[in-house]
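As a plain string of letters, each chain reads:
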Amino acid sequence: MSSVANSRGQATIAALVILPVALAIFMTLFILGAALSIEARAVAACRASMQESQEAAAEAIRNLERLNPLAKNLERLRRGAEIGLKVAKLTMLPNLIAGAYATKYAVAALQRPVQLKQKYWYMRGKTASLLAPAKALGAMQESLPKGFLGRLTKSLLMPSVSSMTSAATTLARSEIRTARFHMIQTPPGARTPVYRPAPSFTRTQNARVQWLLRLPVEQIEDDDWFPRIEIPSLKLGCEMTLVKGALEKWVPRITEDKLLRN
């Protein structure tokens, strides 16, 4: 009987020793799996959002370039009208001067709607480029799990309420680099200039967001009987620019993200 009791006691002790280790391994695998899922979802969301912003910038370039021939011709007419007005004033003939002014105002009226369209598309491309990283960061944050699984995952991955204040500054950090949408306008001072991407456009259009998400498991680390679980920080994000594609069209291209390195 004593040998049976000793065997049972040893089995109980072994179970008590092994159980925390087994639970630690299970929780570690679960948390790492959740972290990988978060990473994949966040990077996919970042790509989709960044691509949408870069496509909006590409659309702005296409529409600006479509307006270039008309804008160029109207600017020639404006300069011709300015020269004609100067010549008319030299003649001091009222009818000729009045006709020159009428021509100048007519050309200005033709330029006005083209000028407004150019400004609209330029500002749209500029805004889309400027907001691209912030929108991508918001998309990554929205991609975090929701519902019961999300609450369970966050309870394991996020710090406890008691440590939230001290961890708030290091829990999540973001690094953002905005795109410039660098367009050259020629000739200088034109009312309806010709818009062309700068020679370094692909480099300056490169937008980037990186989100460092710490995953401390405070409530498990506080238990002496439970082995410490080390979970690395997640570096989430993506980088994207515009490049010349088929038929000289500007298209988005990933330059770097967590799942694809170039």
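Refer to the structure above for everything that follows.
About the criteria used
Residues numbered from 1 in each chain as written. Predicted model: local features only at pLDDT ≥ 70, side-chain atom pairs only at ≥ 80, totals over all residues. Heavy atoms only, no water. Helix = DSSP H or I, 4+ residues; strand = E, 2+ residues; numbered from the N terminus. Buried < 20%, exposed > 50% of the residue type's maximum accessible area, 1.4 Å probe, protein only. Contact = heavy atoms within 4.5 Å. Areas by Shrake-Rupley, 256 points an atom, 1.4 Å probe, with all protein chains shown as cover. Polar contact = N/O pair within 3.5 Å; in protein donor to acceptor, adjacent residues only side chain to side chain. Core = buried A, V, L, I, M, F, W, Y, C linked by side-chain atoms within 4.5 Å. Salt bridge = Lys/Arg side-chain N within 4 Å of Asp/Glu carboxyl O.

Q: What am I meant to see in the overall build of the chain here?
A: Across its full length, the chain holds 6 helices and 7 strands. Scanning the chain from its N terminus toward the C terminus, one meets helices and strands in the order α-α-α-α-β-β-β-α-β-α-β-β-β. Residues counted as buried form 39% of the 262 residues belonging to the chain. Across the chain, the fraction of contacts at a sequence separation of at least 24, relative to all contacts at a separation of at least 6, is 74%. Accessible surface, the chain as shown: approximately 15,400 Å² in total, 62% of it carbon and sulfur.

Q: How should I be thinking about the side chain of asparagine 63 in this particular structure?
A: Position of asparagine 63 among the secondary structure elements: in helix α1 (residues 2-91). At 2.8 Å, the side chain of asparagine 63 and the backbone oxygen of glutamate 59 are in polar contact.

Q: Could you clarify how one ought to interpret the nonpolar core in this entry?
A: It is characteristic of soluble globular proteins that their nonpolar side chains tend to be buried jointly. Ranked by internal contacts, the top residues of the largest apolar core, which has 17 residues, are Cys46, Met50, Met140, Val209, Trp211 and Leu236. Looking at this core, the elements with two or more residues in it are α1, α2 (94-142), β4 (207-213) and β5 (234-244). Other than its neighbours up to four places away in sequence, leucine 236 contacts Ile38, Glu39, Ala42, Met140, Val209, Gln210 and Trp211. Of all hydrophobic cores here, the second largest spans 14 residues; its members include Ala57, Phe201, Leu242 and Trp250.

Q: Any chance you could explain the pattern of salt bridges here in plain terms?
A: As a working rule, side chains carrying opposite charge can pair if their charged atoms are close by. Counting across every chain of the model gives 9 salt bridges. Across the pair glutamate 75 and arginine 78 runs a salt bridge whose closest N-O atoms are separated by 2.6 Å. Taken together, the residues span about one helical turn, with glutamate 75 and arginine 78 both in helix α1 at a distance of 3 residues. Arginine 78 sits in the buried class, given a relative accessible area of 16%. We note a salt bridge from arginine 79 to glutamate 75, for which the minimum N-O separation is 3.7 Å. One end of the pair, arginine 79, and the other, glutamate 75, are both in helix α1, 4 residues apart, so they sit about a helical turn from each other. Put simply, Glu75, Arg78, Arg79, Glu82 and Lys104 are held in one network by salt bridges that share partners.

Q: Any chance you could explain unusual backbone geometry here in plain terms?
A: If a residue is not glycine, its phi is most likely negative; likewise, a peptide bond is most likely trans. Here the bond from threonine 186 into proline 187 is cis, since omega is -10°, no more than 30 degrees from zero. Mapped onto the secondary structure, proline 187 falls in the loop between β2 (183-186) and β3 (194-197). Even without being glycine, phenylalanine 181 reaches a positive phi, approximately 50°. For phenylalanine 181, the location among the structural elements is in the loop between β1 (172-177) and β2. Phenylalanine 181 sits in the buried class, given a relative accessible area of 0%. At glutamate 248, a position not held by glycine, the phi torsion is positive, near 60°. Mapped onto the fold, glutamate 248 is located in the loop between β5 and β6 (250-257). Given the relative accessible area of 54%, glutamate 248 is considered exposed.

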